[in-house]
Amino acid sequence: MVEAQVRRHLVDDRGAAAVARTLRRPLPEDVDFLTSSRDQIADMRAVLDPLTRKMATRLSAKRRHKRRGTLDFRRTVRRSLSTGGVPVRPAFRKPHPAKPELFVLADISGSVATFAAFTLQLMYALRSQFSRVRSFVFVDGVDEVTDVLQQAPDVVEAARYINAAGSGVWLDGRSDYGHALTTFWDIWGAQVRRRTTVIVLGDARTNYHDPCEGALKGVSQRAGHVFWLNPEPSSAWNSGDSVIARYQPFCDAVYECRNIRQLRAFVEDLD
(Lines give C-alpha, C1' and ligand atoms only; values in the text may rest on other atoms or scores of the structure.)
Protein backbone atom coordinates (compact mmCIF):
# COMPACT_ATOMS: atom_id res chain seq x y z
CA MET A 1 0.00 0.00 0.00
CA VAL A 2 2.82 2.38 0.87
CA GLU A 3 4.61 1.52 -2.40
CA ALA A 4 1.45 2.13 -4.42
CA GLN A 5 0.86 5.49 -2.71
CA VAL A 6 4.45 6.59 -3.33
CA ARG A 7 4.18 5.57 -6.96
CA ARG A 8 0.96 7.61 -7.40
CA HIS A 9 2.71 10.67 -5.97
CA LEU A 10 5.68 10.12 -8.26
CA VAL A 11 3.39 9.90 -11.31
CA ASP A 12 1.67 13.13 -10.28
CA ASP A 13 5.04 14.83 -9.78
CA ARG A 14 7.14 13.49 -12.70
CA GLY A 15 4.68 12.00 -15.15
CA ALA A 16 3.93 8.36 -15.99
CA ALA A 17 6.62 8.03 -18.71
CA ALA A 18 9.44 9.21 -16.43
CA VAL A 19 8.38 6.86 -13.63
CA ALA A 20 8.13 3.92 -16.05
CA ARG A 21 11.70 4.55 -17.24
CA THR A 22 12.93 4.61 -13.64
CA LEU A 23 11.14 1.37 -12.67
CA ARG A 24 11.95 -0.58 -15.84
CA ARG A 25 14.18 -3.56 -15.04
CA PRO A 26 17.15 -3.77 -17.45
CA LEU A 27 17.80 -6.99 -19.33
CA PRO A 28 20.55 -9.14 -17.74
CA GLU A 29 22.70 -8.67 -20.86
CA ASP A 30 22.69 -4.90 -20.34
CA VAL A 31 23.50 -4.78 -16.60
CA ASP A 32 26.80 -3.09 -15.85
CA PHE A 33 29.36 -5.54 -14.38
CA LEU A 34 30.80 -2.94 -12.01
CA THR A 35 27.50 -1.77 -10.48
CA SER A 36 25.40 -4.95 -10.50
CA SER A 37 23.48 -6.11 -7.44
CA ARG A 38 23.48 -9.66 -6.06
CA ASP A 39 20.14 -10.45 -7.79
CA GLN A 40 21.35 -9.01 -11.09
CA ILE A 41 24.52 -11.14 -10.91
CA ALA A 42 22.33 -14.24 -10.48
CA ASP A 43 20.24 -13.21 -13.50
CA MET A 44 23.39 -12.68 -15.58
CA ARG A 45 24.71 -16.14 -14.71
CA ALA A 46 21.42 -17.67 -15.88
CA VAL A 47 21.77 -15.85 -19.22
CA LEU A 48 25.45 -16.68 -19.72
CA ASP A 49 25.14 -20.50 -19.92
CA PRO A 50 22.85 -20.79 -22.99
CA LEU A 51 24.56 -17.77 -24.52
CA THR A 52 27.94 -19.50 -24.27
CA ARG A 53 26.75 -22.57 -26.18
CA LYS A 54 25.41 -20.40 -28.99
CA MET A 55 28.64 -18.38 -29.12
CA ALA A 56 30.80 -21.51 -29.21
CA THR A 57 28.84 -22.80 -32.22
CA ARG A 58 29.15 -19.46 -33.98
CA LEU A 59 32.87 -19.16 -33.29
CA SER A 60 33.47 -22.66 -34.65
CA ALA A 61 31.49 -21.96 -37.83
CA LYS A 62 33.29 -18.66 -38.33
CA ARG A 63 36.68 -20.32 -38.08
CA ARG A 64 35.70 -22.96 -40.66
CA HIS A 65 34.09 -20.65 -43.19
CA LYS A 66 36.42 -17.70 -42.99
CA ARG A 67 39.35 -19.62 -44.47
CA ARG A 68 39.57 -21.40 -47.79
CA GLY A 69 41.58 -24.59 -48.02
CA THR A 70 44.31 -25.38 -50.52
CA LEU A 71 43.53 -25.98 -54.19
CA ASP A 72 42.27 -29.51 -54.96
CA PHE A 73 43.96 -30.07 -58.32
CA ARG A 74 42.19 -33.32 -59.25
CA ARG A 75 38.70 -32.02 -58.61
CA THR A 76 39.53 -28.80 -60.43
CA VAL A 77 40.64 -30.77 -63.52
CA ARG A 78 37.49 -32.93 -63.45
CA ARG A 79 35.30 -29.82 -63.24
CA SER A 80 37.16 -28.22 -66.14
CA LEU A 81 36.17 -31.08 -68.50
CA SER A 82 32.68 -29.61 -68.74
CA THR A 83 34.11 -26.23 -69.81
CA GLY A 84 36.56 -27.36 -72.44
CA GLY A 85 39.49 -27.73 -70.08
CA VAL A 86 39.18 -24.18 -68.69
CA PRO A 87 39.20 -24.20 -64.86
CA VAL A 88 36.25 -21.85 -64.46
CA ARG A 89 35.30 -23.25 -61.04
CA PRO A 90 38.41 -24.14 -58.99
CA ALA A 91 37.83 -26.71 -56.23
CA PHE A 92 39.38 -26.30 -52.81
CA ARG A 93 39.96 -28.79 -50.04
CA LYS A 94 37.90 -28.47 -46.87
CA PRO A 95 39.86 -26.25 -44.46
CA HIS A 96 40.98 -27.61 -41.11
CA PRO A 97 42.33 -24.51 -39.35
CA ALA A 98 44.43 -25.13 -36.27
CA LYS A 99 42.84 -24.03 -33.04
CA PRO A 100 44.67 -21.18 -31.34
CA GLU A 101 45.60 -21.29 -27.66
CA LEU A 102 44.26 -18.72 -25.25
CA PHE A 103 45.97 -16.97 -22.32
CA VAL A 104 43.62 -14.90 -20.14
CA LEU A 105 45.06 -12.42 -17.62
CA ALA A 106 42.35 -11.14 -15.27
CA ASP A 107 42.57 -8.29 -12.77
CA ILE A 108 40.71 -9.56 -9.67
CA SER A 109 41.07 -6.48 -7.49
CA GLY A 110 37.85 -5.48 -5.75
CA SER A 111 36.76 -2.83 -8.25
CA VAL A 112 36.60 -5.24 -11.22
CA ALA A 113 36.18 -8.66 -9.57
CA THR A 114 32.63 -9.26 -10.89
CA PHE A 115 33.72 -8.47 -14.44
CA ALA A 116 36.72 -10.82 -14.17
CA ALA A 117 34.58 -13.67 -12.81
CA PHE A 118 32.11 -13.51 -15.69
CA THR A 119 34.80 -13.20 -18.35
CA LEU A 120 36.81 -16.12 -16.96
CA GLN A 121 33.62 -18.19 -16.86
CA LEU A 122 32.87 -17.35 -20.48
CA MET A 123 36.40 -18.04 -21.72
CA TYR A 124 36.47 -21.38 -19.94
CA ALA A 125 33.10 -22.34 -21.34
CA LEU A 126 34.52 -21.62 -24.82
CA ARG A 127 37.65 -23.72 -24.27
CA SER A 128 36.48 -26.34 -26.78
CA GLN A 129 37.23 -23.78 -29.48
CA PHE A 130 40.88 -23.46 -28.42
CA SER A 131 43.69 -26.00 -28.27
CA ARG A 132 44.15 -24.98 -24.64
CA VAL A 133 43.09 -22.20 -22.28
CA ARG A 134 45.36 -20.95 -19.52
CA SER A 135 44.05 -18.50 -16.94
CA PHE A 136 46.02 -16.08 -14.75
CA VAL A 137 44.83 -13.66 -12.07
CA PHE A 138 46.62 -10.58 -10.82
CA VAL A 139 46.41 -7.69 -8.40
CA ASP A 140 49.99 -6.62 -7.68
CA GLY A 141 51.46 -10.01 -8.66
CA VAL A 142 50.22 -12.78 -10.92
CA ASP A 143 49.39 -16.48 -10.41
CA GLU A 144 48.14 -19.17 -12.77
CA VAL A 145 44.72 -20.57 -11.81
CA THR A 146 44.10 -22.89 -14.77
CA ASP A 147 43.85 -25.99 -12.57
CA VAL A 148 41.58 -24.24 -10.07
CA LEU A 149 39.06 -23.37 -12.76
CA GLN A 150 39.20 -26.87 -14.23
CA GLN A 151 38.57 -28.62 -10.91
CA ALA A 152 36.06 -26.26 -9.29
CA PRO A 153 32.36 -27.13 -9.85
CA ASP A 154 31.58 -23.55 -10.88
CA VAL A 155 33.17 -20.13 -11.14
CA VAL A 156 31.77 -19.04 -7.75
CA GLU A 157 33.59 -21.85 -5.94
CA ALA A 158 36.72 -21.13 -7.96
CA ALA A 159 36.55 -17.47 -6.92
CA ARG A 160 36.28 -18.49 -3.25
CA TYR A 161 39.37 -20.67 -3.55
CA ILE A 162 41.32 -17.98 -5.42
CA ASN A 163 40.46 -15.36 -2.79
CA ALA A 164 41.25 -17.69 0.12
CA ALA A 165 44.63 -18.54 -1.39
CA GLY A 166 45.46 -14.86 -1.93
CA SER A 167 46.17 -15.52 -5.60
CA GLY A 168 47.47 -12.50 -7.47
CA VAL A 169 48.52 -10.69 -4.29
CA TRP A 170 52.28 -10.54 -3.81
CA LEU A 171 52.88 -7.14 -2.21
CA ASP A 172 50.38 -4.81 -0.52
CA GLY A 173 47.22 -5.98 -2.32
CA ARG A 174 46.74 -2.78 -4.31
CA SER A 175 46.61 -2.92 -8.10
CA ASP A 176 50.03 -2.74 -9.73
CA TYR A 177 49.74 -3.55 -13.41
CA GLY A 178 53.41 -2.89 -14.05
CA HIS A 179 54.63 -5.43 -11.52
CA ALA A 180 52.00 -8.00 -12.56
CA LEU A 181 52.77 -7.75 -16.28
CA THR A 182 56.52 -7.80 -15.69
CA THR A 183 56.16 -10.93 -13.53
CA PHE A 184 54.03 -12.62 -16.19
CA TRP A 185 56.60 -11.78 -18.87
CA ASP A 186 59.52 -13.03 -16.76
CA ILE A 187 57.88 -16.35 -15.80
CA TRP A 188 55.58 -17.24 -18.70
CA GLY A 189 56.64 -14.96 -21.55
CA ALA A 190 58.72 -17.67 -23.24
CA GLN A 191 55.61 -19.89 -23.45
CA VAL A 192 53.70 -17.34 -25.55
CA ARG A 193 53.77 -18.34 -29.24
CA ARG A 194 52.42 -17.12 -32.58
CA ARG A 195 49.36 -19.33 -32.10
CA THR A 196 48.65 -17.68 -28.73
CA THR A 197 45.87 -15.15 -28.26
CA VAL A 198 46.35 -13.10 -25.06
CA ILE A 199 43.35 -11.37 -23.48
CA VAL A 200 43.89 -8.89 -20.63
CA LEU A 201 40.88 -8.07 -18.45
CA GLY A 202 41.09 -4.93 -16.34
CA ASP A 203 40.60 -1.20 -16.00
CA ALA A 204 44.33 -0.33 -16.34
CA ARG A 205 44.24 1.70 -13.12
CA THR A 206 47.74 1.41 -11.70
CA ASN A 207 47.51 3.33 -8.40
CA TYR A 208 50.15 5.60 -9.98
CA HIS A 209 52.75 2.81 -10.16
CA ASP A 210 55.01 2.47 -13.19
CA PRO A 211 52.86 0.73 -15.87
CA CYS A 212 55.92 -1.06 -17.33
CA GLU A 213 54.33 -1.22 -20.76
CA GLY A 214 57.54 -2.77 -22.09
CA ALA A 215 56.41 -6.09 -20.58
CA LEU A 216 53.20 -6.02 -22.64
CA LYS A 217 55.25 -5.03 -25.69
CA GLY A 218 57.33 -8.18 -25.22
CA VAL A 219 54.16 -10.29 -25.01
CA SER A 220 52.70 -8.68 -28.14
CA GLN A 221 55.87 -9.35 -30.13
CA ARG A 222 55.62 -13.09 -29.39
CA ALA A 223 51.82 -13.57 -29.44
CA GLY A 224 49.57 -13.86 -32.45
CA HIS A 225 47.03 -11.44 -30.98
CA VAL A 226 46.66 -9.31 -27.83
CA PHE A 227 43.26 -7.91 -26.84
CA TRP A 228 42.35 -5.77 -23.83
CA LEU A 229 38.83 -5.73 -22.33
CA ASN A 230 38.15 -2.71 -20.12
CA PRO A 231 34.99 -2.74 -17.94
CA GLU A 232 34.99 1.05 -17.49
CA PRO A 233 33.14 3.39 -19.88
CA SER A 234 35.54 4.70 -22.51
CA SER A 235 34.83 8.25 -21.32
CA ALA A 236 36.68 7.38 -18.06
CA TRP A 237 39.77 5.94 -19.78
CA ASN A 238 43.04 7.79 -19.12
CA SER A 239 41.53 9.77 -16.27
CA GLY A 240 43.16 9.71 -12.82
CA ASP A 241 45.45 6.68 -12.56
CA SER A 242 44.08 4.98 -15.71
CA VAL A 243 46.92 4.42 -18.22
CA ILE A 244 45.14 2.41 -20.92
CA ALA A 245 46.69 4.66 -23.58
CA ARG A 246 50.14 3.43 -22.51
CA TYR A 247 49.10 -0.18 -23.20
CA GLN A 248 46.94 0.37 -26.28
CA PRO A 249 49.79 0.50 -28.88
CA PHE A 250 50.71 -3.10 -27.97
CA CYS A 251 47.17 -4.47 -28.38
CA ASP A 252 45.36 -5.48 -31.56
CA ALA A 253 42.33 -3.76 -30.07
CA VAL A 254 41.03 -2.38 -26.77
CA TYR A 255 37.32 -2.94 -26.14
CA GLU A 256 34.90 -1.32 -23.73
CA CYS A 257 33.32 -4.34 -22.05
CA ARG A 258 30.82 -3.25 -19.41
CA ASN A 259 28.15 -5.93 -19.79
CA ILE A 260 27.35 -9.33 -21.30
CA ARG A 261 26.11 -7.78 -24.55
CA GLN A 262 29.50 -6.11 -25.15
CA LEU A 263 31.31 -9.28 -24.06
CA ARG A 264 29.31 -11.26 -26.63
CA ALA A 265 30.17 -8.73 -29.35
CA PHE A 266 33.89 -9.14 -28.57
CA VAL A 267 33.76 -12.97 -28.74
CA GLU A 268 31.88 -12.82 -32.06
CA ASP A 269 34.76 -10.69 -33.43
CA LEU A 270 37.35 -13.09 -32.02
CA ASP A 271 39.20 -15.16 -34.60
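That block above? That's the structure.
Now for a quick tour of the structure. Being a predicted model, the structure only gives us computed values, none of them experimental.

Things to note about the pattern of salt bridges
What the rule picks out here adds up to six salt bridges. The salt bridge partner of Asp241 is Arg205, with a shortest N-O separation of 2.9 Å. Of this pair, Asp241 sits in the loop between β5 (225–230) and α10 (244–247) while Arg205 is found in the loop between β4 (196–201) and α9 (213–222), placing the two residues 36 residues apart along the sequence. Grouping residues by exposure puts Asp241 and Arg205 together as buried. For the salt bridge of Glu213 with Arg246, the shortest nitrogen-to-oxygen distance reads 2.9 Å.

Some thoughts on unusual backbone geometry
Even without glycine at this site, Ala204 takes up a positive phi of about 60°. Within the element layout of this structure, Ala204 appears in the loop between β4 and α9. Take Ala204: its relative accessible area is 0%, and that puts it in the buried class. Of note in the backbone geometry, Asn207 takes a positive phi value of approximately 55° without being a glycine.

So, the sheet that holds β5
On the basis of which strands lie adjacent, the open sheet formed by six strands has the order β3-β2-β1-β4-β5-β6 and mixed pairing. Edge strands, defined here as strands with exactly one partner in the open sheet, are β3 (142–144) and β6 (253–256). Taken pair by pair, the neighbouring strands of this sheet meet at an average axis angle of 20°, ignoring direction. Sheet analysis places β4 next to β5, joined by five bridges and oriented parallel. Bridging across to β5, Leu201 finds its partner in Leu229. Across the face of the sheet, helix α8 (residues 177–188) comes into contact with β1 (101–107), β2 (133–138), β3 and β5 while running at roughly 45° to β3.

Considerations on the packing of aromatic side chains
This model, assessed by the stated rule, comprises 12 aromatic pairs. A ring pair is formed by Phe103 and Phe136, whose centres lie 5.7 Å apart and whose planes are at 40°; its orientation type is tilted. With Phe103 in strand β1 and Phe136 in strand β2, this pair connects stretches of sequence that are 33 residues apart. Classification of Phe136 by relative accessible area gives buried; the value is 0%. What links up through ring pairs into an aromatic cluster is the set Phe103, Phe136, Phe184 and Trp188.

As for the side chain of Asp176
Counting through the fold element by element, Asp176 comes out in the loop between α7 (155–165) and α8. Of the side chains with opposite charge, Arg174 comes closest to the buried, unpaired Asp176, at an N-O distance of 9.7 Å. Among the polar contacts listed, one links the side chain of Asp176 to the backbone nitrogen of His179, at a separation of 3.1 Å. Not counting the four nearest positions on each side in its chain, Asp176 is found in contact with Val139, Asp140, Thr206, His209 and Asp210.

Some thoughts on the packing of α8 against α9
Relative orientation of the contacting elements α8 and α9 amounts to 40°, with a least axis distance of 8 Å. Considering their axes alone, α8 and α9 lie oblique with respect to each other. By crossing handedness, the relation of α8 to α9 is classed as left-handed. Between α8 and α9, the residues in contact are Leu181, Thr182, Phe184 and Trp185 and Ala215, Leu216, Gly218, Val219 and Arg222, respectively.

Reading the values: rules and limits
- Every chain's residues receive numbers from 1 upward, in the order its sequence appears when written.
- Confidence filtering applies because this is a predicted model: local features only for residues at pLDDT of at least 70, side-chain atom pairs given and counted only at 80 or more, and all residues used for totals across whole chains, interfaces and linings.
- To obtain the side-chain values, all non-hydrogen atoms of the structure were used and water was disregarded.
- Take a side-chain nitrogen of Lys or Arg and a carboxyl oxygen of Asp or Glu: if they are within 4 Å of each other, that pair is a salt bridge.
- Numbered from the N terminus, helices here are DSSP runs of H or I no shorter than four residues, and strands are runs of E no shorter than two.
- The classification of residues rests on relative accessible area computed with a 1.4 Å probe and restricted to protein chains. Under 20% of the type maximum is buried, over 50% is exposed, and intermediate values are partly exposed.
- Note on pairing: DSSP must find at least two bridges between two strands before they are called paired.
- Note on definitions: angles span 0 to 180 degrees between N-to-C directions of axes, and those axes are lines fitted to C-alpha atoms, for helices only across the stretch in contact.
- Contact between two residues is taken to exist if any of their heavy atoms lie within 4.5 Å; hydrogens are not considered.
- Within 6.5 Å between ring centres, the rings of Phe, Tyr and Trp (the latter by its six-membered ring) count as paired, and their orientation is classed by plane angle as stacked under 30 degrees, edge-to-face over 60, tilted in between.
- Only four residue types enter the charge count, namely Lys and Arg as positive and Asp and Glu as negative; His and the chain termini do not.
- Two N or O atoms form a polar contact when they lie within 3.5 Å of each other; inside protein one atom must be a possible hydrogen donor and the other a possible acceptor, and for residues adjacent in sequence the pair counts only when both atoms belong to side chains.
- Under this scheme an angle from 65 to 115 degrees is roughly perpendicular, one under 35 degrees roughly parallel, and one over 145 degrees roughly antiparallel; angles in between are oblique.
- Should the near helix be turned anticlockwise from the far one by less than a right angle, the crossing is left-handed, and should it be turned clockwise, the crossing is right-handed.

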